[in-house]
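Per-entry structural report
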Amino acid sequence: MTDLTDDIIEELQNKYDFLIERPWRKYPECITLKDPDSEKWFAAFLQASGRSLGFPEKETVPFVNVKAAPDDVIFLTQARGILPAYHMSKKHWISVLTDGTVEMKLILSLIDASYQLITDTPSKRIYQAVRSIPKGKVATYGQIAAMAGNPKMARAVGNALHKNPDGDRTPCYRVVNAAGELAEAFVFGGIHVQQERLEADGIEVIDGKVDLKKYGL
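Report follows, based on the coordinates. (Residues numbered from 1 in each chain as written. Predicted model: local features only at pLDDT ≥ 70, side-chain atom pairs only at ≥ 80, totals over all residues. Heavy atoms only, no water.)

1. Observations regarding helix α7 (residues 193–200)
By the burial criterion, the buried members of α7 are V193, Q194 and L198. Across the axial projection of α7, the buried residues extend over an arc of 130°, all falling on one side. Taken together, the buried residues of α7 touch β8 (175–176), β9 (205–206) and β10 (209–210). G202 sits one or two positions beyond α7 and adopts a positive phi of about 90°. (Buried < 20%, exposed > 50% of the residue type's maximum accessible area, 1.4 Å probe, protein only. Helix = DSSP H or I, 4+ residues; strand = E, 2+ residues; numbered from the N terminus. Arc of directions from axis to C-beta. Contact = heavy atoms within 4.5 Å.)

This is the structure:
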């Protein structure tokens, strides 16, 4: 039986940054794709018997579960090869056969829609804003909030950076408060690490503070 899973994942790797996981030891053939920022799945490549999916066949059928807007679920599941989600919320997820029944172009489009749904979060926008700070510059929490689309969520910026899942990829040490002051206890490594990283970027830190006129965005 045709299984497009490997070809689909190869296409996705050229477009998105994601983690591949095999969360079920009993089912190593099942693969989930997770966004590293939101830590949410946007695709789950699974297998089940045809009967489990509502077909008379006993043979194993490969498919991918993807997220979809509730209104779209009703419409999409009327198409051949697109079913109510297997073992996931049937209101928010669909199962798409990857055995050749559904064209690969459509599968990729549905996965893209799923990816957009789970990645459009405040935390995602915050991390993207932080990654845009160039080396040798700093930004304030308020600036990052504005860049992320909501100037009033400066506190949310601090919370998101405290939970930053990838400190190397998202340089949260380049974020300071409105007075240019560093965090009292930088979460990634200790009290002096933020200063050390800023100085490695060529930024001068005096008494725990950065000159925003000189180094600010």
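What follows picks up the thread again.
2. So, the pattern of salt bridges
As enumerated under the stated definition, the model contains 5 salt bridges in all. Linking D35 and K124 is a salt bridge whose minimum nitrogen-to-oxygen distance equals 2.9 Å. Taken together, the residues span a long stretch of sequence, with D35 in the loop between β2 (31–34) and β3 (41–49) and K124 in helix α4 (residues 122–131) at a distance of 89 residues. For the pair D35 and K124, one class covers both residues: buried. A salt bridge links R174 to D201, with the shortest nitrogen-to-oxygen separation between them at 2.8 Å. You can see R174 sitting in the loop between α6 (154–162) and β8 and its partner D201 sitting in the loop between α7 and β9, a full 27 residues away along the chain. The residues R174 and D201 share a single accessibility class, namely buried. (Salt bridge = Lys/Arg side-chain N within 4 Å of Asp/Glu carboxyl O.)

3. Some words on the sheet that holds strand β4 (residues 60–67)
Overall, antiparallel pairing links the 6 strands, which are arranged β1-β2-β3-β4-β6-β5 in an open sheet. Every other strand in the sheet has two partners, leaving β1 (19–21) and β5 (82–84) as the edge strands with one partner each. Going from strand to strand, the sheet's axes swing by 25° on average, the running direction of each strand aside. Strand contacts of helix α3 (residues 104–119): β3, β4, β5 and β6 (93–97), with the helix running at about 40° to β4, the strand carrying the most contacts. (Pairing = 2+ DSSP bridges. Axes fitted to C-alpha atoms, helices over the stretch in contact; angles between N-to-C directions.)

4. Describing α6
Among the residues of α6, V157, A160 and L161 are the ones counted as buried. Along the axis of α6, the buried residues cluster in a sector spanning 95°; they form a single face. Exposed side of α6, more than 90 degrees from the buried face: R155 and H162 are the residues found there. Tucked inside the fold, the buried residues of α6 contact α4, α5 (141–147) and β8.

5. Some points on unusual backbone geometry
Within the chain, H87 stands out as a residue other than glycine whose phi angle is a positive 60°. Among the structural elements, H87 can be located in the loop between β5 and β6. Judged by its relative accessible area of 68%, H87 falls in the exposed class.

6. So, the environment of A178
As for its position among the elements, A178 is in the loop between β8 and α7. A178 has contacts with T140 and L212, leaving out every residue within four places of it along the chain.

7. Comments concerning the packing of aromatic side chains
Going through the model one piece at a time under the given rule, you end up with 6 aromatic pairs. An angle of 70° between the planes, with centres 6.1 Å apart, marks the rings of Y16 and F42 as edge-to-face. Of this pair, Y16 sits in the loop between α1 (5–13) and β1 while F42 sits in strand β3, placing them 26 residues apart in sequence. No difference in accessibility class separates Y16 from F42, as the two residues are buried. Relative to Y86, the ring of F63 has its centre 5.5 Å away and its plane inclined at 80°; by these criteria the two rings are edge-to-face. Placement of F63 in strand β4 and of Y86 in the loop between β5 and β6 is noted, with a sequence separation of 23 residues between them. On the basis of relative accessible area, Y86 is assigned to the partly exposed category, the value being 22%. Taken together, the ring pairs in this structure connect Y16, F18, F42 and Y115 into an aromatic cluster. (Phe/Tyr/Trp six-rings, centres within 6.5 Å; stacked < 30°, edge-to-face > 60°.)

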